[in-house]
Structure formats: structure tokens, C-alpha cells
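Each chain, written out:
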Amino acid sequence: MNALAQRAQRAAAVAAQHADAVDREGRFPAEAVAALKAERLLGLQIPSQFEGEGAGLRQVAVVCSTLGQACSNAAMVFAMHHIKVASLVAHGLDSAWHCQLMERIAREQLLVASSTTEAGIGGDLRTSFCAVEAEDGVFSLGKDASVISYGRQADLILATARRHPDAAGSDQVLVALLADQIFLERTSVWDTLGMRGTCSDGFRLEARGLPVAQILPKPFAEIAAQSMLAASHLLWSSVWFGIANAAVDRARAFVQGEARRQPGQVPPTALRLAEVSNTLQALRSAIVAALVRYEDVQGDADAIGSIGFAVMLNNLKTTASEMAVDIVQRALAIVGLAGYKNGTPFSLGRPLRDVLSAPLMIGNDRILANTAKLLLVQKGGGQLMSA
Amino acid sequence: MVTSDDIRTILGSNEALAPVAQQIAEDDSLFDRGLDSFGSVQLMLALEERFGIEFPDEFLTRRSFSTIRAIRETVSAVLQSVAA
Ligand SMILES: Cc1cc2nc3c(=O)[nH]c(=O)nc-3n(C[C@H](O)[C@H](O)[C@H](O)COP(=O)(O)OP(=O)(O)OC[C@H]3O[C@@H](n4cnc5c(N)ncnc54)[C@H](O)[C@@H]3O)c2cc1C
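Here, residues in each chain are numbered from 1, in the same order as that chain's written sequence. Just so you know, chain letters begin at A and ligand numbers begin at 1, following the order they were written in. Only residues with pLDDT of at least 70 get local features here, since the model is predicted, and only at 80 or more are side-chain atom pairs given and counted; chain-wide, interface and lining totals rely on the full set of residues. Remark: hydrogens and water are excluded; side-chain values derive from all non-hydrogen atoms of the structure.

**Q** Looking at this structure, how should I read the overall build of chain A?
**A** In this text, helices come from DSSP runs of H or I with a minimum length of four residues, and strands from runs of E with a minimum of two, each type numbered from the N-terminal end. A count of helices and strands for chain A gives 12 helices and 7 strands. The quantity called the radius of gyration is restricted to C-alpha atoms. Its globule counterpart is 2.2 Å times the number of residues to the power 0.38. Against the globule reference of 21 Å for 387 residues, chain A gives a C-alpha radius of gyration of 21 Å, in line with a compact fold. Judged by the C-alpha coordinates and their principal axes, chain A covers about 80 × 50 × 40 Å. To sort residues, take the accessible area from a 1.4 Å probe on protein chains only and compare it with the maximum for the residue type: under 20% means buried, over 50% means exposed, and anything in between is partly exposed. Classification of the 387 residues of chain A by burial places 55% in the buried group. Contacts are assigned to residue pairs that have any heavy atoms within 4.5 Å of one another. A separation threshold of at least 6 residues defines the contact pool for chain A, and within that pool the share at least 24 residues apart is 75%. We get accessible surface area from the Shrake-Rupley algorithm with a probe of 1.4 Å; when it comes to residues, only the shown protein chains can shield them. With an accessible surface of roughly 16,000 Å², chain A has 53% of that area assigned to carbon and sulfur atoms. Side-chain charges of chain A comprise 35 positive and 36 negative groups, with the mean position of each set lying 7 Å from the other. This count recognises Lys and Arg as positive and Asp and Glu as negative, with His and chain-terminal groups excluded. Charge positions come from single atoms, namely NZ of Lys, CZ of Arg, CG of Asp or CD of Glu.

Structure representation (C-alpha cells):
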């Protein structure tokens, strides 16, 4: 095992220990995040000139899936943090303020949260109501942020808003807001079926008199297309893979237990295990293929911004989210009551409830509708090893 | 013949670009002005319809639709290949 995998395993061991309590109490996975900080994993992607490790999404994805096997909540917190960091790294390098911020993230292991979702807009990332109001080098912003995961625990929040009060809904910017610069008034409580420890409460967010240097210079349209879409779909999928993988591990252990009890016979559930291991492999292949394609085009703004690439990423999200749910459900069917019950070595209630969030996290129909628009111009004819 | 004003007229039907379409210079980045992937799909469809052409996949890149000049060159190239 390489050094990074070992660091991820150590953090995952801590996460696993507290995963049931985090879920039951709907509380932030504080121990796991402390372990991630102790392993210095929050600065993984930050370039080395800013005291990070300059890792790519492939390495981050591996950590996401390791954590996902232990605690979905800790894994999703880690994924969401690195999705935001990916945008800072891709688009913050020509802004002195954001370079300094990256240095702080790596050195102080700051945790970054995201506020895109807004009351009345839902998961339409590319539309905002709220607007930045700038004057004399400072700006203010008020946002009805209906979902901010770990909003209270984060050290900073990256929020979308319209560029100015007269801008179109899609003419957005991304602003970095440090926790001690903003007021957060809780407007809704995250009491959910699963992913309970992400603490994705709703907030009224208020920021006043902050330097305009904190607004990322690139339009959010560019940030979304060039870094956020890829990072979100690749890292979320890696978390879901981790959840599905752990569920199949439990099903396998169950079937092997049966086999040991009845030597010379293949338990009937082994057939279902063969089937689900097949689906798990297809899920892994889809994610790995997308990561490889991402690495192939990295740094090529034209290729990342191309229609074919956006379609590929959208397809990954809808496919991976549905397959992960399917896999955990099938694992449960194999394990039966021992999986349905809490507190057995084969319990699958928590991962099932957690993974059910996958198709909703930016609704799959919304994503399919976006893909449908892109397909209006794509001409097709792709080859096995390319498009 | 494709003129920059033909293209500005088409840009005027994009939500983000509409208010500024007439002021966009030849080499201004449309993406920096807020054009996103869906906006560019709409733009491609409008251009295909207006000029009676179909852009092959290799033309469907960001660069081909990044500025008014790039669009003019892209459309001209497709028109020429159709004529040839
Ligand atoms: C675990 C978790 C953590 C999250 N953390 C954050 C966070 O930290 N920050 C943040 O900003 N947000 C966060 N979100 C919110 C997320 O980004 C989406 O905004 C949210 O999942 C969308 O919620 P919705 O279903 O209410 O909204 P909508 O997007 O309004 O969707 C409602 C329904 O309509 C369908 N729909 C919408 N548009 C179309 C269309 N064009 N065609 C067909 N169907 C359509 C959708 O598929 C869905 O079924 C989180 C969500 C989850 C589940």
C-alpha cells in the first residue's frame, strides 16, 4: 500500500468507529475530519508552492472511496471540500488573495464548504437570485442558502451569486467567504433519511464590507465548466462507489459464512453475489474510465469545455448514482434480515439510506434534461478508446 | 458571406449576452461575458439554422465559438467545405 492509501486508511478507521453515532445523532463527523486534518489530507490538491501536495483528482478519488467504505458522511464532507479546492486551484492562481487562501488551507487545514443551492432555485447550479453589491472596492451579499453542508463547521464557504444586482440569473461569480466574515442564521434543520452527518442545514447568509479581491476573477460559468462539473461528478461517484463496495463486502462475507457452514455446497445466494459483483465492476469501470479521460484532457480548456466531455460527465453522474443504489439494494437482498437489522456485522440500513441521496444530489432528471440539450448539436461517431 | 453584425444579432438572443451583444468586440471572450455550455448549444443551433449548415463534431469546441471572430471563421470554414 502506498503512503497516501495508508493515510486514507488511518482516517477511515477513525471514521468507521464513529459512523453509527454520526448517523444516529445526525451530527458532524468531527472525529473523522480531525483525523483527515491530522493526516493533512485537506491540502492534498493544493499546489506544492503553497505547501500542499499538488495531487490530482485521481488521488483524491481514491481517498473518497476509502472513506466511503467507512462513513458516507465523512467521505461526502471530504469530497465536497475537495470539489471546492479543485476550483480554487484551477481558477485562483492569478489572484493574490486566493493564492494566500490556498496557502492557509494547506497550512491550517481549513475546511471549505459550498453554497450554490438557493431557495426557489433548487439544484440549478447555473442560476442565482442573490447578487453581489460592490462599491469602492468592497462588496456585500445576502443569500437564502437553503442547503449548506457543514455550514456551521466550515472555515470558509464558496458561494455563487449574480455578478451585480442587474445581471442576468446566469451571469454569476464565485466568492470566498471566511467563517469569521459572515453571519449565518439557520433557517432549516437537516433531519433526513440519510447523509445525516453532512449537517446540510439551510441558512440566511449575510456578508458585508468584504474586499472585492475575494471574488474569483473568472465568471462562474467558466469555473463550473472547467473544474466544478468534473470534480463534483468524479468525486461524488467515488464516494458512492465506496459505499457500494462496502455493501458488497458485507454480502460476500455473508455468503462465505454460509458456504463454510455447508461444505461442498454453493449457497443459493452466491449466484446473486456473482451478479452484484458484476455490477460493482461496471460501476468501477465507469468511474475509472471517466478519471482517465479527465486526466487526458487536463489543462486543455477546449477539450474540458467541449460538449462531448460535458455529456460524458453528466452520464457518469446519473449512471453511477443509480448503480450505487442498485448495488446496495442487491447486497441487502443477499444478506436478508441480518442486513435489515441495525447492529449486526451485516447491517446495511445506514449505507442504503445514505446512498439514496445520490440520485437526488442535483436531481438526475435535471442532469438528463441538461444532457438532452447538449445532444441537440453533438454529431456522434465516437471511437472505443476516445470520445 | 458572414458578417460580425449577423453574429451579434444571433448573440442578442442569449440571456447572458443580450444586454451587451452590440458592444462585444471581435476578439472579446464570449465565455468571460457569461456564455455557458447551454448558451453555446443554442448559439450553434441558431447559426446552423441561419446559415443552413451543420457543424461537424470537430468544430464543436470552445475555441470555435469563443469570440465573434472565431465564430465568423468557423461558419465560413463550414460554408466553404459545403461549397467545395
Ligand atoms: C447530501 C447532500 C448534500 C448537499 N450539500 C449541498 C451543499 O453543501 N451546498 C449546496 O449548495 N447544495 C447542497 N445540496 C443540494 C444539491 O446541490 C441540490 O441543490 C439539491 O439536491 C436539489 O434539490 P431539489 O431536489 O430540492 O431541487 P430541484 O433541483 O429543484 O429538483 C426537484 C426535482 O425536479 C427535477 N427537475 C429539476 N429540473 C428539471 C428539469 N429541467 N427537467 C426534469 N426534471 C427536473 C429534479 O430531478 C428533482 O426531481 C446537497 C444535497 C444533498 C442530497
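So much for the structure itself; the text now carries on.
**Q** Looking at this structure, how should I read the environment of Ile287 of chain A?
**A** Residues and elements named next belong to chain A. As for its placement among the helices and strands, Ile287 is situated in helix α7 (residues 269–297). Classification of Ile287 as buried rests on a relative accessible area of 5%. When the C-alpha positions of Ile287 and Ala333 are compared, they lie 25 Å apart, and in sequence the two are 46 residues distant.

**Q** What is the right way to look at the sheet that holds strand β7 (residues 202–211) of chain A in this model?
**A** Paired through their backbone hydrogen bonds, the strands of a sheet run either parallel or antiparallel. Residues and elements named next belong to chain A. Spatially, β2-β3-β7-β6 is the arrangement adopted by the 4 strands of the open sheet, whose pairing is antiparallel. The open sheet has two edge strands, β2 (133–135) and β6 (182–188), and neither has a second partner. Averaged over all pairs of adjacent strands, the angle between strand axes in this sheet comes to 10 degrees, irrespective of strand direction. Sheet analysis places β2 next to strand β3 (residues 138–145), joined by 3 bridges and oriented antiparallel. Along β3, the bridge assignment pairs Glu133 with Ser140. Here, any two strands with at least 2 DSSP bridges between them count as paired. Only the contacting stretch of a helix is used when fitting its axis, a line to C-alpha atoms as for every element, and angles between N-to-C directions run 0 to 180 degrees.

**Q** Help me understand the side chain of Ser140 of chain A, please; the structure alone is not making it clear to me.
**A** Residue placement: Ser140 of chain A occurs in strand β3. Among residues more than four places away in sequence, those in contact with Ser140 of chain A are Ala131, Val132, Glu133, Ala207, Arg208 and Gly209 of chain A.

**Q** Honestly, the domain arrangement of chain A in this entry has me stumped. Any pointers?
**A** It is common to give the size of an interface as the accessible area lost on bringing the parts into contact. All names here are of chain A. Annotation comment: domain bounds sourced from an automatic or database domain assignment. Looking at chain A, the domain boundaries give domain 1 (3–110), domain 2 (114–214) and domain 3 (220–374). Centre-to-centre separation of domain 1 and domain 3, based on C-alpha positions: 20 Å. Opposite the 25 residues of domain 1 that make contact, domain 3 presents 28 residues. Together domain 1 and domain 3 conceal approximately 2,100 Å² of surface at their shared face, both sides included; 65% is due to carbon and sulfur atoms. Each reported salt bridge corresponds to a side-chain nitrogen of Lys or Arg within 4 Å of a carboxyl oxygen of Asp or Glu. Joining domain 1 to domain 3, the criterion identifies 3 salt bridges. Its salt-bridge partner being Arg350, residue Asp20 comes within 2.9 Å of it at the nearest N-O pair. Whenever a nitrogen or oxygen atom comes within 3.5 Å of another N or O atom, the pair is scored as a polar contact, on the condition that within protein one atom can donate a hydrogen and the other can accept it, and that pairs from neighbouring residues in sequence are kept only if both atoms are in side chains. There are 7 residue pairs in polar contact (both at pLDDT 80 or more) connecting domain 1 and domain 3. Broken down by secondary-structure element, the contributors of at least two residues to the side of domain 1 that touches domain 3 are α1 (3–25), α3 (57–70) and α4 (72–91). Examining the composition of the side of domain 1 that touches domain 3, we find that 12 residues originate from one element, α4, more than from any other. Its residues placed into classes, the side of domain 1 that touches domain 3 shows 14 nonpolar, 7 polar and 4 charged. Throughout, the accessible surface (probe 1.4 Å) given up by two parts as they are put together, summed over both, is called the buried area. Put simply, Ala, Val, Leu, Ile, Met, Phe, Trp, Tyr, Cys and Pro go in the nonpolar bin, Asp, Glu, Lys and Arg in the charged bin, and everything else, Gly too, in the polar bin.

**Q** In this structure, what is going on with the interface of chain A and chain B? I would like to understand it.
**A** Chain A puts 23 residues into the contact, and the matching count from chain B is 20 residues. The contact between chain A and chain B buries some 1,900 Å² in all, and 56% of this surface belongs to carbon and sulfur atoms. In this assembly, chain A and chain B are joined by 2 salt bridges. Asp302 of chain A is paired through a salt bridge with Arg63 of chain B; the nearest N and O atoms lie 2.7 Å apart. The interface formed by chain A and chain B holds 3 residue pairs in polar contact (both at pLDDT 80 or more) in total. Secondary-structure elements contributing two or more residues to the side of chain A that touches chain B are α6 (220–261), α8 (301–304) and α12 (364–374) of chain A. Residue composition of the side of chain A that touches chain B, grouped by class: 8 nonpolar, 8 polar and 7 charged.

**Q** What is the right way to read the sheet that holds strand β1 (residues 112–115) of chain A from this model?
**A** All names here are of chain A. Ordered in space as β1-β4-β5, the 3 strands form an open sheet in which the pairing is mixed. Lying at the two open borders of the sheet, with one neighbouring strand each, are β1 and β5 (172–178). The mean inter-strand angle of the sheet, taken between neighbouring strand axes irrespective of direction, is 25 degrees. Both β1 and strand β4 (residues 156–162) contribute to a ladder of 4 bridges, which runs parallel. Bridged to Ser114 within β4 is Leu158.

**Q** Help me understand the nonpolar core in this model?
**A** In a soluble, globular protein the nonpolar side chains are often hidden away together inside. The biggest cluster of nonpolar side chains holds 123 residues, and the ones touching the most others in it are Phe78, Leu156, Val175, Leu177, Leu234, Trp240 and Leu283 of chain A. Looking at this core, the element that brings in the most residues is α6 of chain A, giving 19 residues. Within the second largest apolar cluster, 28 residues are counted, among which are Ile7, Leu17, Met44 and Leu47 of chain B. In these notes, a set of buried Ala, Val, Leu, Ile, Met, Phe, Trp, Tyr and Cys residues joined through side-chain atoms within 4.5 Å is what counts as a nonpolar core.

**Q** Mind showing me how you'd approach the packing of α4 of chain A against helix α5 (residues 96–108) of chain A here?
**A** The axes of two packed helices give the description: the angle between them and the distance between them. Residues and elements named next belong to chain A. Taken N-terminus to C-terminus, the directions of α4 and α5 make an angle of 145 degrees; their axes are 10 Å apart at the nearest point. Along this stretch, α4 crosses α5, giving a crossing that reads as left-handed. Contacts from His81, Leu88 and Val89 of α4 reach α5 at His98, Leu101, Met102 and Ile105. Classifying every residue of the contact of α4 with α5 by side-chain character gives 5 nonpolar, 2 polar and no charged. By definition, turning the near helix anticlockwise from the far helix through less than a right angle yields a left-handed crossing, and turning it clockwise yields a right-handed one.

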